[in-house]
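As a plain string of letters, each chain reads:
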Amino acid sequence: MILKGFEALKSFLSKPKNIVLIGHRNPDGDAMGSTLGLQHYLTKKGHKATVVVPNEYPDFLHWLPGSENTYRFDWQNSQSQKAINASDIIFLLDFNALHRVGFDMQKTLEKYPNDFVMIDHHQQPDDVKYMYSDVEICATCQMVYQFIEMNNDLDLIDEAIATCLYTGIMTDTGSFRFRSTTSKTHRIIADLIEKGAQNDKIHNNVYDANSYGRLLLLGQALSNLQILPAYKTAFITLTEAEKKKFDFQKGDTEGVVNYALSLKGIIFAAIFIEDKEQHIIKISFRSKGDFSVNQFSRNHFNGGGHDNAAGGKFNGSVEEVITTFKELLPTYKNELNRSYEI
Ligand code: 5GP
Ligand code: MN
């Protein structure tokens, strides 16, 4: 755990400031929940707080309280730049390195003259002036709760804050089932429910908001699944043509990789998704036990994340990424077979 400069930050924030909050590109529930949750809290503390989102995020997160007041850096660029230029400080939430916001926004942030605060749970964080980094914590939203707790302000958590933070903890823990979910997480979740988070509605809004096309895309993904029992590994592919056929929308592939991991005996799962717009194959890795997909992705796929959930990218075709992936597995055979005893 790294906690750096928080007393100084506290005194900096003791007077009203103009604050911008930013999560990572391709925002997930934790990025949106943590930025919006913290925005509501900082607003209550008398600051002007604005969330700038790097790019599009899934429909199933648009209901989050405050979502309608965010700026999108990619298509509301001048408002976003204006907000950034007018700010006294920027909070970076749910990511560990500036490149995670995407190239154009990274360039803007690199020129930023004031200080950054990073609250994040990814490994190997960049060094910024104010840091709260803890790779053991399941979600940045839990860290935002603990940040509010450090300020002795838990009483300020209202329904909007509780809803945002609940959402990020729920999505980053796979609904409270991953190894990172602790008794403390459950205590925090209990408190968030007491403070107004409506758990059934949140689950419904996030998980039961499928379009018919999304289910058909899932069907396609599952029929593309390949299993490599010798490596306790399974992977899924989706081509651009398949995405188009089922009217792919942002967020439609979220969680699909977990179906590969749900197979009995499988402890390492991957999904390779062709992205013609960015000319890459976007990859998600998931694992159970000690096999670090963060390390695997850092070593071979220009990515990173957490021990059991990471992402990466590959320049080439779906066929090429499959070949590369299969060629790597023998090196990890022993590690994969030792990773997780059931
Ligand atoms: P997902 O597979 O859901 O996109 O991402 C899983 C985790 O890995 C998330 O915590 C995400 O922030 C991180 N991640 C995803 N893609 C990348 C990447 O390209 N680089 C790095 N460093 N982390 C990533
Ligand atoms: Mn997260």
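Treat the numbers as computed from the prediction; the structure is a model and nothing was measured. (Residues numbered from 1 in each chain as written. Chains lettered and ligands numbered in written order. Predicted model: local features only at pLDDT ≥ 70, side-chain atom pairs only at ≥ 80, totals over all residues. Heavy atoms only, no water.)

Caption draft 1: Structural view of the coordination of the manganese ion (ligand 2). For the manganese ion (ligand 2), every protein donor is listed as Asp30 (OD), Asp94 (OD), His121 (NE2) and Asp172 (OD), and the spread of their distances is 2.1 to 2.4 Å. The sequence motif formed by the donor residues of the manganese ion (ligand 2) is D-x63-D-x26-H-x50-D. Residue Asp94 is found in the loop between β5 (89-93) and α4 (103-110), and its partner His121 is found in the loop between β6 (115-120) and β7 (130-133); the two are separated by 27 residues along the sequence. There is no split in this pair, since Asp94 and His121 are both buried. (Donors = N, O, S within 2.8 Å, 3.2 Å for Na, K, Ca; no water. Helix = DSSP H or I, 4+ residues; strand = E, 2+ residues; numbered from the N terminus. Buried < 20%, exposed > 50% of the residue type's maximum accessible area, 1.4 Å probe, protein only.)

Caption draft 2: Broad picture of the site of ligand 1. In the vicinity of ligand 1 lie 14 residues, with Arg100, His122, Ser284, Arg286 and Lys313 positioned nearest. In the model, an oxygen atom of ligand 1 is placed 2.9 Å from a nitrogen or oxygen of the Arg286 side chain. Starting from 500 Å² of accessible surface for ligand 1 in isolation, the protein chains cover 83%. Every element with two or more residues in the shell around ligand 1 is listed here: β11 (280-287), β12 (304-305) and β13 (309-314). No other element matches the five residues that β13 contributes to the shell around ligand 1. Residues of the shell around ligand 1, tallied by class, amount to two nonpolar, eight polar and four charged. (Near = heavy atom within 4 Å. Polar contact = N/O pair within 3.5 Å; in protein donor to acceptor, adjacent residues only side chain to side chain. Areas by Shrake-Rupley, 256 points an atom, 1.4 Å probe, with all protein chains shown as cover. Nonpolar A, V, L, I, M, F, W, Y, C, P; charged D, E, K, R; others polar.)

Caption draft 3: Structural detail: the domain arrangement of the protein. Segmenting the protein into domains produces domain 1 (2-207) and domain 2 (212-338). Distance from the C-alpha centre of domain 1 to the C-alpha centre of domain 2: 27 Å. Contacts between the two partners involve 15 residues from domain 1 and, on the opposite side, 13 residues from domain 2. When domain 1 packs against domain 2, the two sides together hide about 1200 Å² of surface, and 41% of this comes from carbon and sulfur. Looking only at domain 1, the three residues that lose the most surface to domain 2 are Phe60, Gln123 and Arg179, adding up to 36% of its buried area. The tally of links between domain 1 and domain 2 comes to one salt bridge. A salt bridge links Asp290 to Arg179, with the shortest nitrogen-to-oxygen separation between them at 3.8 Å. Inspection of the domain 1/domain 2 interface yields eight residue pairs in polar contact (both at pLDDT 80 or more). Grouping the constituent residues of the side of domain 1 that touches domain 2 by class yields three nonpolar, seven polar and five charged. (Domains from an automatic or database assignment. Contact = heavy atoms within 4.5 Å. Buried area = accessible area lost by both parts, 1.4 Å probe. Salt bridge = Lys/Arg side-chain N within 4 Å of Asp/Glu carboxyl O.)

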